[in-house]
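Topology and contacts: notes
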Amino acid sequence: MSQTAVPVIAIDGPTASGKGTVAQRVADSLGFHYLDSGSLYRLTALAALRQGIDLANAPDLARVATNMQIDFQGGKTLLDGCDVGDEIRTELASQNASLVAALPMVRDALLTLQRDFRVAPGLVADGRDMGSVVFPDATLKVYLTATAEARAVRRTKQLKEKGMSAIMDDVVKELRARDERDMNRPVAPLKHYPDAYLIDTTEISADQAVKKILGLAQKSVGS
Ligand code: DC
C-alpha cells in the first residue's frame, strides 16, 4: 500500500480537550498506529534546553528537531534513551512547547517526521494542524473541543493525579495563554476548519467521544 493510501484519522483541538485519550483509544480500537504530535514539540523544547539553546533561536531549534534521538516504546517517551514522559508533561514544558511550535522553521523541521508515522494499516494523529497541514488528505478529520472551564478542571485533575501541584486559577490562566498563542499564530493556527467534524466534549465522556469517532470512521475509513 502506498503511503498516501494509508488511512489517517486527524484529531485536532485545544489543550486538555481530551484528544490524547480519545485518539489513543480510537487507535487501539482500530488497531491503528498513534501519533501524539504535541509530544514532538515538547521533546524539541526539552532537547533544546538541555543543549543550552534559547527557545527563540529558530535555526538551532530546527536543527534539534531534525536530529533529536527519540523513541516511543510501550507507552514510554524516550529522549536520548531516557524516559522523559513526566518531564515533558509539566506546565512549564507545555508553555515551552507552545513557544517553539509558533516558529515556522521548527514546524517545517517536524513535518517529515510526522508524515513517517503514516504506516499501514492506518494512523490516528492528534494535534493542532493534523487535518490542515500535516495530513490535509486525511480520511476523517475531527475537531475536538470543550469549554475552557471544563478543560481546566480536567487538566487540574490530571496534574494532581500525577502528584504535581495545580491551582485551578493558574491552570485556567495558562490554558488561555496557550490557546491564545496556538490559535493566533500566523503559521498553522489551531482552528475549526469546515471539513472537520466538531465534537464538543464539555458534556460527554471520553468513551462517548470515542464511540462517535468510531461511528464516523466506519463510514469514511470503512472499518
Ligand atoms: O497537544 P499538546 O498539548 O501536547 O501540544 C503541546 C504544544 O505543541 C501546544 O501548545 C501547541 C503545540 N502543537 C502544535 O503547534 N501543533 C501540533 N500539531 C501539536 C502541538
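Scroll up a little and you will see the structure.
These numbers come from a predicted model, not from an experiment.

1. Quick word on the packing of helix α2 (residues 37–50) against helix α4 (residues 91–101)
When two helices pack together, you describe them by how their axes are tilted relative to each other and by the distance separating the axes. Where α2 contacts α4, the axes come no closer than 8 Å and their chain directions differ by 95°. Judged by the angle between their axes, α2 and α4 are roughly perpendicular. Every residue of α4 that contacts α2 at Tyr41, Arg42, Ala45 and Leu49 is listed here: Ala93, Ser94, Asn96, Ala97, Val100 and Ala101.

2. Remarks on the sheet that holds strand β8 (residues 197–200)
Strand order in this open sheet of 5 strands is β2-β6-β1-β7-β8, and the pairing throughout is parallel. Edge strands, defined here as strands with exactly one partner in the open sheet, are β2 (33–36) and β8. Geometrically, the sheet is characterised by an average inter-axis angle of 20° between neighbouring strands, direction not taken into account. Pairing between strand β1 (residues 8–12) and strand β7 (residues 140–145): 4 bridges, direction parallel. Looking at the pairing, aspartate 12 lines up with tyrosine 143 of β7. Strand contacts of α2: β2 and β6 (123–127), with the helix running at about 45° to β2, the strand carrying the most contacts.

3. Focus on the nonpolar core
Leu35, Leu61, Leu79, Leu110, Met130 and Phe135 are the most contacted members of the largest nonpolar core, which totals 33 residues. Those elements that provide at least two residues to this core are β1, α2, α3 (58–67), α4, α5 (104–115), β6 and α6 (130–134). Counting residues per element, this core draws most heavily on α2, at 7 residues. With residues near it in sequence (within four places) discarded, leucine 79 still touches Leu43, Leu46, Ala47, Arg50, Met68, Gln69, Ile70 and Val84. Judged by nonpolar contacts, the second largest core, of 18 residues, contains Ile9, Ala209, Val210 and Ile213.

4. Side note on the environment of aspartate 200
Following the sequence through the fold, aspartate 200 ends up in strand β8. With 170 residues separating them along the chain, aspartate 200 and leucine 30 place their C-alpha atoms 22 Å apart.

5. Here's the deal with the packing of aromatic side chains
Throughout the structure, instances matching the rule amount to 1 aromatic pair. Here the aromatic rings of phenylalanine 72 and phenylalanine 117 are separated by 6.2 Å at their centres, their planes lie at 65°, and the arrangement is edge-to-face. A residue pair is termed long-range when its members are at least 10 positions apart, and phenylalanine 72 in strand β3 (residues 70–73) and phenylalanine 117 in the loop between α5 and β6 qualify at 45 residues. Given a relative accessible area of 36%, phenylalanine 72 falls into the partly exposed group. Here phenylalanine 117 falls in the partly exposed class, since its relative accessible area comes to 22%.

About the criteria used
- Residues numbered from 1 in each chain as written.
- Predicted model: local features only at pLDDT ≥ 70, side-chain atom pairs only at ≥ 80, totals over all residues.
- Heavy atoms only, no water.
- Axes fitted to C-alpha atoms, helices over the stretch in contact; angles between N-to-C directions.
- Helix = DSSP H or I, 4+ residues; strand = E, 2+ residues; numbered from the N terminus.
- Parallel < 35°, antiparallel > 145°, perpendicular 65-115°, else oblique.
- Contact = heavy atoms within 4.5 Å.
- Pairing = 2+ DSSP bridges.
- Core = buried A, V, L, I, M, F, W, Y, C linked by side-chain atoms within 4.5 Å.
- Buried < 20%, exposed > 50% of the residue type's maximum accessible area, 1.4 Å probe, protein only.
- Phe/Tyr/Trp six-rings, centres within 6.5 Å; stacked < 30°, edge-to-face > 60°.

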